[in-house]
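# Inside the fold
Residues per chain, in single letters:
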Amino acid sequence: MAAASTHLVAVAVVLAALVGGAWCGPPKVPPGKNISADCDGKWLEAKATWYGKPTGAGPDDNGGACGYKEVNKAPFNSMGACGNSPIFKDGLGCGSCYEIKCDKPAECSGEPVIVYITDMNYEPIAAYHFDLAGTAFGAMAKKGEEENLRKAGIIDMQFRRVKCKYPADTKIAFHVEKGCNPNYLALLVKYAAGDGDIVGVDIKEKGAKEYQSLKHSWGAIWRMDTPKPIKGPISIRITSEGGKTLEQEDVIPEGWKPDTLYRSKLQF
Ligand SMILES: *[C@@H]1O[C@H](CO)[C@@H](O)[C@H](O)[C@H]1NC(C)=O
């Protein structure tokens, strides 16, 4: 009995905290307007926080809610950010690029640096909020002041959407996700330059005349479930947020395997 009533009290306290809001942290702020690809170059205000190791890439496993892995490596190089809802856009914002900078505190350099949306945060603390990898947060500091800037924990920053640019040899890659089989294809799209984010993925199987649309699954992953086994090679067509399309025949070979990265010749 004693244990049960303690439990009830605990539930009541948690509910009161959730409903009360005021006692658990800053007031809730509704998210801002979605940031679209037709960037007008205007700087907007946001809150910046950071997560993970101070000089790390964010999540302990170097992954995140976009489904990318090894965001500590090129081309992201630990410059990842969790966007709140108008930036992450339920995963459709994955891969988009932003310039960020700060003027205060004094450790801020005021010089813009580029971050990539690789993860999500839906904390209602500001209209726009970037929860940055420790490395990316520190990159807004003057040289040598990275650690001191991170000590501030939460700061005001400015941001603007920019086109994504990658080294010339970085082409769009498709990762066939773990657990895929001929009746279930899930493709993670990464390293799209330009708008950076993808709003449509269509595939054409061997011998088919028409492309078929994949459904957005989560993060940067698009999927198809079909009773009829999918035959390779598979051609792919992708559409960027701004409406540009690219396609390539037979990107994914016959005899494709799960948990494998297939590089295309495509780039926006
Ligand atoms: C913002 O983008 C998401 C993902 O595309 C969408 O679900 C949502 O409706 C958009 N919100 C607005 C206000 O346009």
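As recorded in an unreviewed UniProt entry, the protein goes by the name Expansin-like EG45 domain-containing protein, listed as coming from Panicum hallii var. hallii. Its UniProt record gives the protein the following Subcellular location (unreviewed entry) comment, quoted word for word: "Secreted, Cell wall". Regarding the protein, the relevant UniProt record gives this comment under Sequence similarities (unreviewed entry): "Belongs to the expansin family. Expansin B subfamily."

The next subject is the overall build of the protein. In terms of helices and strands, the protein carries four helices and 15 strands. Taken along its principal axes, the extent of the C-alpha atoms in the protein is 60 × 60 × 30 Å. Across the 268 residues of the protein, 47% fall into the buried class. Sequence-distant contacts, at least 24 apart, represent 71% of the contacts inside the protein between residues at least 6 apart.

Moving on to the sheet that holds strand β10 (residues 212-213). Two pairing modes exist for strands in a sheet, parallel and antiparallel, and in both the strands are linked by backbone hydrogen bonds. The antiparallel open sheet is built from four strands, whose spatial order is β10-β9-β13-β14. At either end of the open sheet lies a strand with only one pairing partner, and these are β10 and β14 (245-252). Where strand β9 (residues 198-204) lies against β10, two bridges are found, and the strand directions are antiparallel. Note on β10: the bridge partner recorded for I203 is Q212.

Here we take up the site of the ligand. Neighbouring the ligand are the residues N34, K89, D90 and L92. N34 is positioned with one of its side-chain polar atoms (N or O) 2.3 Å from an oxygen atom of the ligand. The protein chains hide 40% of the 360 Å² of surface that the ligand would expose on its own. Classifying every residue of the shell around the ligand by side-chain character gives one nonpolar, one polar and two charged.

A few words on the domain arrangement of the protein. Assigned domains of the protein: these are domain 1 (44-162) and domain 2 (173-263). Taking the mean C-alpha position of each, domain 1 and domain 2 sit 28 Å from one another. Listed as interface residues are 18 residues of domain 1 and, on the opposing side, 16 residues of domain 2. For the pairing of domain 1 and domain 2, the buried interface totals around 1100 Å² over both sides, and the portion due to carbon and sulfur atoms is 53%. Residue R161 pairs with D197 through a salt bridge whose shortest N-O separation is 2.9 Å. In terms of residue class, the side of domain 1 that touches domain 2 is made up of nine nonpolar, six polar and three charged.

Taken in spatial order, the five strands line up as β11-β12-β8-β7-β15 in an open sheet, and their pairing is antiparallel. Looking at the sheet topology across the chains shown, the edges are occupied by β11 (215-218) and β15 (260-263). Mean inter-strand twist for the sheet, computed between neighbouring axes without regard to direction, equals 35 degrees. Of the strand pairs in this sheet, strand β7 (residues 173-176) and β15 are connected by four bridges, and their pairing is antiparallel. Looking at β15, one finds that F174 is bridged to Y262.

Attention now moves to the UniProt feature "domain: Expansin-like EG45" (unreviewed entry) in the protein. When the UniProt feature table is mapped onto this chain numbering, "domain: Expansin-like EG45" (unreviewed entry) sits at residues 63-169. The span residues 63-169 carries 14% helix and 28% strand; its end-to-end C-alpha distance comes to 23 Å.

With that out of the way, let us pick up the pairing of β7. On β7, burial covers both faces: A173 and H175 on one face and F174 and V176 on the other are all buried. Note that β7 and strand β8 (residues 184-190) share four bridges and pair antiparallel. Paired with A173 across the two strands is K190, which belongs to β8.

Let us look at the environment of K190. Within the secondary structure, K190 sits in strand β8. The sequence separation of K190 and A81 amounts to 109 residues, and the corresponding C-alpha distance is 15 Å. Leave out the neighbours within four places in its chain, and K190 touches Y68, K171, I172, A173 and L261.

Definitions and limits used
Residues numbered from 1 in each chain as written. Predicted model: local features only at pLDDT ≥ 70, side-chain atom pairs only at ≥ 80, totals over all residues. Heavy atoms only, no water. UniProt positions renumbered as here; feature names shortened; annotations may be inferred. Helix = DSSP H or I, 4+ residues; strand = E, 2+ residues; numbered from the N terminus. Buried < 20%, exposed > 50% of the residue type's maximum accessible area, 1.4 Å probe, protein only. Contact = heavy atoms within 4.5 Å. Pairing = 2+ DSSP bridges. Near = heavy atom within 4 Å. Polar contact = N/O pair within 3.5 Å; in protein donor to acceptor, adjacent residues only side chain to side chain. Areas by Shrake-Rupley, 256 points an atom, 1.4 Å probe, with all protein chains shown as cover. Nonpolar A, V, L, I, M, F, W, Y, C, P; charged D, E, K, R; others polar. Domains from an automatic or database assignment. Buried area = accessible area lost by both parts, 1.4 Å probe. Salt bridge = Lys/Arg side-chain N within 4 Å of Asp/Glu carboxyl O. Axes fitted to C-alpha atoms, helices over the stretch in contact; angles between N-to-C directions.

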